[in-house]
Every structure is written in structure tokens, then in C-alpha cells.
Amino acid sequence: MSELILVTGGAGFIGSHTCVALVAAGYTPVILDNLGNSDVRVLRRLATITGKTIEFIEGDVRDRALLDRLFREHAIAAVMHFAGLKAVGDSVADPLHYYDNNVNGTLVLAAAMRAAGVKTLIFSSSATVYGEPESSPIPESAPCRPESPYGHSKRMVEQMLADLHVAQPDWRIALLRYFNPVGAHQSGLIGEHPQGKPNNLMPYVCQVAVGLRDRLAVHGGDYPTPDGTGVRDYVHVMDLAEGHVAALSHAALAPGLVTVNLGTGQGASVLDVVKAFELASGQPIAYDIGPRRAGDVPAYWGDPSLAHSTLRWKARRGLQQMCEDSWRWQKSNPKGYGN
Ligand code: NAD
Ligand code: UDP
């Protein structure tokens, strides 16, 4: 029988794509999401892609009574925990809100899992836990020096789960440190649609290409990088989604805790992304090179070799495909799930 996987935050960008990968791998996802940063219409799109109706529970991971009921009524085999807040700037403005959602949310979830005897947890961490790295590629052993309340919240959860694993070694936990997730499912039916003005590069470029915004402001052209613009490790969201399935398969082998980077191991500059997107979309991307953005690291990318050896996972999709898939989603859904 197909195993039930609770996907918190499953209506969001990465969670929704992971539901597609879970169904493809033979699992049955159950989504718990408070729709704070997502649109319920994603569910119909997921049904079109997967051919399955995915059970959706609207609610908050901090609601212990709801979680207890959920675990009582469903034979959940494992939890993938995406639910959380992710805007670095907002976390600086309202740190308590971030610690409550991200840290307390995971605490309540883990306690409910323990009470229900569910001991497999795949957690969405972030490369932001590294802060400004000494060098790239960054291995998992690099020091963690997060620089924002958001980054601290991810690191605190990692620590909390590591402590839990020491106390109860029969847990199976994967801490997945994502680099820069971009792209969309190749159907163009699901993708990322930030509310308001996008903070991140790829959604901003998409909105310029589709005519929603005039020009991209490139944040800094004087970094010590090959073309002077910031360099990141962009990873296709479907590769990430498959990385979660790989982490689940790995967890099934034996109890343990793994901390693994999910990235391509390759850096791309802002202008590399602009060029690849122009090629993918056939649209010119107007841009101006402006001042650096406060708090930005010039360049970093991950060392994915542990994910290769431990999870048997490797990113397969390159920058061009990331741009093509982002564009397919953006051009057919300029306003997100409302079209
Ligand atoms: P997203 O905002 O699209 O998805 C998160 C989902 O969680 C949303 O649907 C939101 O409504 C839901 N949610 C938030 N708080 C909740 C709560 N308390 N209870 C129930 N549902 C709640 O974000 P995403 O890009 O899909 O990110 C998923 C996870 O991955 C987050 O934890 C994020 O911090 C982490 N992450 C994201 C990135 C990135 O660049 N996108 C990078 C590294 C890590
Ligand atoms: N960036 C940019 N203009 C934008 C948004 C981002 O030039 O409107 C740059 C940013 O300075 C960084 C890269 O694009 O070098 C990736 O930024 P993003 O916010 O997507 O990811 P993060 O900085 O969080 O890794």
C-alpha cells in the first residue's frame, strides 16, 4: 500500500512540486497548509498533473490539537516539513513572528510526531545557515554563521532536531540545505508567484519578461566575480523535489540524521541568468546596474558531493531549463493561480 506522507507547506512553491515527485514515486501526499503564502487553486493543478486528488487540510503547524487529530486519523509514515516563512527582510523587521512560525512551528510538529510515534522527518533548511562563507563550494562541514533572524531560525531548528536525535536515536531525520530554488514544473501548471514585488532574482526577471515590471535592478556590478555581479547556486525546483524523495528513501534504510546540501555545485551570475532567460523567452530583459543590496554575499555555491554519495541524488537540470520552465509558467500564468 502507498505510504502516506504529510507535507506541511505543501501548497507552497517547493512543497507543491515535491507532491508531484512524491506521487510519481508511488507515495500519497497529504497537505497541511495555512495558505498564508499560497493559493488553494494549486490543488486543482496538482490533480491535473498527477491524476490524483491530493488530500488538503487547511491549518497551522502550530495547532497541536489539529496535528494530534491529523495523526490519529491518518497513518502517516513520514513528514516533509516545508511550512515556514522565508523572507529575510521581514524576519529582520519582525523576528518574533519568524521564530514563532519557524522554530515554534517545528517544535509543535515534532512533539506531535513523537506523541503519534511518527519518527521520520525531512526538514527544509537553507544554505543561508552558512552566512558569508570563507570559500565556495561550501561543504556541510563549513561553519554556520547565519546573519538574519530567518537564518537563525533555520539553524535553531537544525540544532533542535539534532538534539532530539541524540536523545531518541530511532528517529530518521534529514536536514536539507537548499541553495537557490528556481524554475517550475515542466507542464507550466505550477510555479512560484510571490505576493507583491519579488525580492528574488528569478521571479523578478520573469515579471520583466512578461511585462509586469519595466526593468531589473541588478544589485551591484562591482563584486569580485567574473562579470562583477553576484553569483549563486540556482537549483531547479523539480531537482529539489526529487532530492526530497531521495532523502525519504535514504531515511527508510536506517535510523539516523543527515545534513545535506541540495544544489548543483555551480555558480551563475545575475547576468548569466539574464542571458539564459533572454534565450529561453525570446524577450529582452531591460536592466540597470545599481548599488549593492545590503547584506548580500558576493558569491557562493554548494558542494553537493555528500548528496551524491549519501542520497544518490544529483541535480539534472541546468540553468537553461530552469529559465525555460520558469518562463512557461510565467507566460501562461502572469498573475499566478488567478492567471
Ligand atoms: P512558500 O512560502 O511558497 O511555501 C511555504 C508554505 O508554507 C506556504 O504555502 C505557506 O502558506 C505555508 N505555511 C507557512 N507557515 C505555515 C504554518 N505556520 N502552518 C501551515 N502552513 C504554513 O515557500 P517555499 O519557497 O516553498 O519554501 C518552503 C520551505 O523551504 C520554507 O521552509 C523555506 O524557508 C525553505 N527554503 C526556501 C528557499 C527558497 O528560496 N524558496 C530556500 C531555502 C529554504
Ligand atoms: N538580485 C538582483 N536584483 C534583484 C534580485 C536579486 O540583482 O532584483 C541579485 C542578488 O543581489 C543576488 C542574486 O541576484 O546576487 C540572487 O538574489 P536572490 O534574492 O534571488 O537570492 P539570495 O541573495 O537570497 O541568494
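The structure under discussion appears in the preceding block.
Now for a quick tour of the structure.

**Points about the site of ligand 1**
Taken together, 28 residues sit near ligand 1, with Asp-33, Asn-37, Ser-38, Asn-101 and Tyr-150 positioned nearest. In this structure, Asp-33 approaches ligand 1 through a side-chain N or O atom, which is 2.6 Å from an oxygen atom. At 2.9 Å from an oxygen atom of ligand 1 is found a side-chain nitrogen or oxygen belonging to Lys-154. Coverage of ligand 1 by the protein chains reaches 94% of its 820 Å² of free accessible surface. When residues of the shell around ligand 1 are traced back to their parent elements, those giving at least two are α1 (13-24), β5 (120-126) and α6 (149-167). With 3 residues, the single largest contributor to the shell around ligand 1 is β5. Looking at side-chain class alone, the shell around ligand 1 contains 11 nonpolar, 12 polar and 5 charged residues.

**Quick look at unusual backbone geometry**
A cis amide bond links Ser-136 with the next residue in sequence, Pro-137, at an omega value of 5°. Phi angles above zero are rare outside glycine, and Leu-35 is one such case at about 60°. Not every positive phi belongs to a glycine, and Arg-312 is a case in point at roughly 55°. Its location among the elements puts Arg-312 in the loop between α10 (305-311) and α11 (319-332).

**Considering helix α9 (residues 270-281)**
With 12 residues, α9 should cover 16 Å at 1.5 Å per step; its first-to-last C-alpha distance of 16 Å lies within 8% of that length. Restricting attention to buried positions, one finds in α9 the residues Val-270, Leu-271, Val-273, Val-274, Ala-276, Phe-277 and Ser-281.

**Describing the nonpolar core**
Of all hydrophobic cores here, the largest spans 43 residues; its most connected members are Ile-5, Leu-22, Leu-46, Leu-176, Leu-248, Leu-262 and Leu-311. Contributing elements (two or more residues each) for this core: β1 (4-8), α1, α2 (42-50), β4 (76-81), β6 (172-178), α8 (237-253), β11 (256-262) and α10. Membership of the second largest hydrophobic core comes to 27 residues, among which are Leu-4, Val-30, Leu-66 and Leu-164.

**What to know about the site of ligand 2**
In the vicinity of ligand 2 there are 15 residues, among which Ala-217, His-219, Arg-232, Arg-293 and Asp-296 approach most closely. Separating a nitrogen atom of ligand 2 from a backbone N or O atom of Ala-217 is a distance of 2.8 Å. Within the side chain of Arg-293, an N or O atom sits 2.8 Å from an oxygen atom of ligand 2. Notes on ligand 2: free accessible area 510 Å², of which the protein chains cover 89%. Grouping the amino acids of the shell around ligand 2 by side-chain chemistry returns 7 nonpolar, 5 polar and 3 charged.

Rules and cut-offs
- Residues numbered from 1 in each chain as written.
- Chains lettered and ligands numbered in written order.
- Predicted model: local features only at pLDDT ≥ 70, side-chain atom pairs only at ≥ 80, totals over all residues.
- Heavy atoms only, no water.
- Near = heavy atom within 4 Å.
- Polar contact = N/O pair within 3.5 Å; in protein donor to acceptor, adjacent residues only side chain to side chain.
- Areas by Shrake-Rupley, 256 points an atom, 1.4 Å probe, with all protein chains shown as cover.
- Helix = DSSP H or I, 4+ residues; strand = E, 2+ residues; numbered from the N terminus.
- Nonpolar A, V, L, I, M, F, W, Y, C, P; charged D, E, K, R; others polar.
- Expected span 1.5 Å × (residues − 1).
- Buried < 20%, exposed > 50% of the residue type's maximum accessible area, 1.4 Å probe, protein only.
- Core = buried A, V, L, I, M, F, W, Y, C linked by side-chain atoms within 4.5 Å.

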